[in-house]
Amino acid sequence: MKHFGYCLLFLFFLSPGIFAHCQVPCGIYTDDLRIRTIFEHIDTIEKAMVKIGELSSVEKINFNQLVRWINVKEQHAHEIQTIISEYFLIQRLKIPASGELTDAYVNQLVTLHSILIEAMKTKQTTDLGHCLKLRELVREFSKMYFSEDDLKHL
């Protein structure tokens, strides 16, 4: 029985899903960290796109490295989609109390949806333009979401 407890503890620390922000109403939110993390994911996707281009252009292609960079690109695009969907859309963006769809609310929804689409496009191609568009959209959302004072600290 003692070993069972150790196994559970071991699995707890190795499980990647456990470290994601939960959907329990804990009240612990670090919105700025999520935005910075999204920018880090975009940087990684961009680097992966460059590496994929480099590895694809040589005469003797190293398929193992090529596949690894493709997987990295896919994983980081998925992480952006997860943060937008499971953190901002589900937990942070609140439906106006009046029930009316305000311009501010609709603009935030449209921008978050656009981020999801651009993240999807980074999975489909190695066009660096999608990384630029993602950065632009995340900055745009940040301006809508954060106060001017909070933006200074991003």
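Presented here is an overview of the structure given in this document. Fair warning: this is a prediction, and the values are worked out from it, not measured in the lab.

1. Some words on the overall build of the protein
Logical step 1: Scanning the protein from terminus to terminus reveals six helices and zero strands.
Logical step 2: Along the protein, from the amino end to the carboxyl end, the secondary structure elements read α-α-α-α-α-α.
Logical step 3: When contacts within the protein are restricted to residue pairs at least 6 apart in sequence, those whose partners lie at least 24 apart make up 70%.
Logical step 4: For the protein, the computed accessible surface area is about 10300 Å², with 59% contributed by carbon and sulfur atoms.

2. Quick word on the pattern of salt bridges
Logical step 1: Scanning the model with the defined rule gives seven salt bridges in all.
Logical step 2: Linking Asp43 and Arg135 is a salt bridge whose minimum nitrogen-to-oxygen distance equals 2.8 Å. Taken together, the residues span a long stretch of sequence, with Asp43 in helix α2 (residues 31–57) and Arg135 in helix α5 (residues 129–145) at a distance of 92 residues.
Logical step 3: By relative accessible area, which is 42% here, Asp43 ends up partly exposed.
Logical step 4: Among the charged side chains, a network of salt bridges with common partners joins Asp43, Glu46 and Arg135.

3. Re the nonpolar core
Logical step 1: With 24 residues, the main nonpolar core has Ile38, Ile80, Ile84, Phe88 and Ile115 as its most contacted residues.
Logical step 2: The set of elements that each furnish at least two residues to this core consists of α2, α3 (63–92), α4 (103–124) and α5.
Logical step 3: The residues touching Ile84, leaving out its near neighbours within four places in the chain, are Ile38, Leu89, Leu112, Ile115 and Leu116.
Logical step 4: Counting five residues, the second-largest nonpolar core is a separate cluster that includes Ala48, Ile52, Leu66 and Trp69.

4. A look at the packing of aromatic side chains
Aromatic ring pairs are reported here in terms of the distance separating the ring centres and the angle at which the planes meet.
Logical step 1: Tallied over the full model, the rule gives six aromatic pairs.
Logical step 2: With a centroid separation of 5.2 Å and 25° between ring planes, the pair formed by Phe141 and Tyr145 is classed as stacked. Separated by four residues within a single helix, Phe141 and Tyr145 lie in helix α5, roughly one turn from each other.
Logical step 3: One aromatic cluster is present, formed by Tyr29, Tyr87, Phe88, Phe141, Tyr145 and Phe146 through successive ring pairs.
Logical step 4: Sitting over the ring of Tyr87, Arg34 keeps its end group 4.6 Å from the ring centre.
Logical step 5: A cation over an aromatic ring shows up here: Arg92 above the ring of Tyr29, its NZ or CZ 4.0 Å from the ring centre.

5. Observations concerning the packing of α2 against α5
Logical step 1: Two numbers describe how α2 lies on α5: the axes approach to 10 Å, and their chain directions differ by 170°. The angle between α2 and α5 falls in the class roughly antiparallel. Where α2 abuts α5, its residues Asp31, Ile35, Ile38, Phe39, Ile42, Asp43, Ile45, Glu46 and Met49 lie against Cys131, Leu134, Arg135, Val138, Arg139, Phe141, Ser142 and Tyr145.
Logical step 2: Partitioning the contact of α2 with α5 into residue classes produces eleven nonpolar, one polar and five charged.

Conventions adopted
Residues numbered from 1 in each chain as written. Predicted model: local features only at pLDDT ≥ 70, side-chain atom pairs only at ≥ 80, totals over all residues. Heavy atoms only, no water. Helix = DSSP H or I, 4+ residues; strand = E, 2+ residues; numbered from the N terminus. Contact = heavy atoms within 4.5 Å. Areas by Shrake-Rupley, 256 points an atom, 1.4 Å probe, with all protein chains shown as cover. Salt bridge = Lys/Arg side-chain N within 4 Å of Asp/Glu carboxyl O. Buried < 20%, exposed > 50% of the residue type's maximum accessible area, 1.4 Å probe, protein only. Core = buried A, V, L, I, M, F, W, Y, C linked by side-chain atoms within 4.5 Å. Phe/Tyr/Trp six-rings, centres within 6.5 Å; stacked < 30°, edge-to-face > 60°. Lys NZ or Arg CZ within 6 Å of the ring centre and 35° of its normal. Axes fitted to C-alpha atoms, helices over the stretch in contact; angles between N-to-C directions. Parallel < 35°, antiparallel > 145°, perpendicular 65-115°, else oblique. Nonpolar A, V, L, I, M, F, W, Y, C, P; charged D, E, K, R; others polar.

Nothing here speaks to function; it is geometry throughout.
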